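# Coordinates in review
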Amino acid sequence: QVQLVESGGGLVQPGGSLRLSCAASGIIFSIETMAWYRQAPGKQDNLVAVITSGGSTNYADSVKGRFTISRDNAKNTVYLQMNSLKPEDTAVYYCNVRVVSRQRVRSDYWGQGTQVTVSS
């Protein structure tokens, strides 16, 4: 079993920055991907960024150039550095970790969510 704990959310002015962290604990055989999703009222879940075990990254077009996803494999932690924040970035951000077992069975784990509010 894997548990994810998120931190780093808060209130920030437009143009400001925040860094989200998500630490995975428990016995982990292998992490395939780590990702960030966000959800806002009236909107469906949206993939923000993903990083693979090999270190490759993908971003939603709306955040590309402003957000950076990274991971610390030794600490089983994924980060989301958010710069030049806009009001439309306001959402609850969820961390996702996809693990794979020795038997090649994949399982997804989710963080509790952290609120990011961008407002003047």
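Residues numbered from 1 in each chain as written. Predicted model: local features only at pLDDT ≥ 70, side-chain atom pairs only at ≥ 80, totals over all residues. Heavy atoms only, no water.

## A closer look at the sheet that holds strand E1 (residues 2-7)
Taken in spatial order, the four strands make up an open sheet running E1-E3-E8-E7, and their pairing is antiparallel. Looking at the sheet topology across the chains shown, the edges are occupied by E1 and strand E7 (67-72). Neighbouring strand axes in the sheet, compared pairwise and without regard to direction, differ in orientation by 15 degrees on average. In this structure, E1 lies alongside strand E3 (residues 18-26), joined through six bridges in antiparallel fashion. Paired with Ser-7 across the bridge in E3 is Ser-21. (Pairing = 2+ DSSP bridges. Helix = DSSP H or I, 4+ residues; strand = E, 2+ residues; numbered from the N terminus. Axes fitted to C-alpha atoms, helices over the stretch in contact; angles between N-to-C directions.)

## A few points about the pairing of strand E8 (residues 77-82)
In terms of burial, E8 is largely enclosed, as five of its six residues are buried. Relative to E8, E3 is paired through six bridges, and the arrangement is antiparallel. Within E8, the position partnered with Cys-22 by the bridge is Val-78. Here E7 pairs with E8 via six bridges, running antiparallel. What sits directly across from Thr-68, in E8, is Gln-81. Adjacent in sequence and paired antiparallel, E7 and E8 are bridged by four residues, among which Asn-76 carries a positive phi angle near 50 degrees. (Buried < 20%, exposed > 50% of the residue type's maximum accessible area, 1.4 Å probe, protein only.)

## Digging into the environment of Thr-33
For Thr-33, the location among the structural elements is in strand E4 (residues 31-39). Classification of Thr-33 as buried rests on a relative accessible area of 16%. As a C-alpha pair, Thr-33 and Arg-98 span 65 residues in sequence and 5.3 Å in three-dimensional space. Contact partners of Thr-33, with chain neighbours within four places excluded, come to Val-50, Ile-51, Thr-52, Asn-96, Val-97 and Arg-98. (Contact = heavy atoms within 4.5 Å.)

## Quick notes on unusual backbone geometry
Of note, Asn-76 is a non-glycine position whose phi angle comes to about 50 degrees, a positive value. With respect to the secondary-structure elements, Asn-76 resides in the loop between E7 and E8. In the Ramachandran plot, Ser-84 falls in the positive-phi region, its phi being about 50 degrees despite a non-glycine side chain. Here Ser-84 is to be found in the loop between E8 and strand E9 (91-100).

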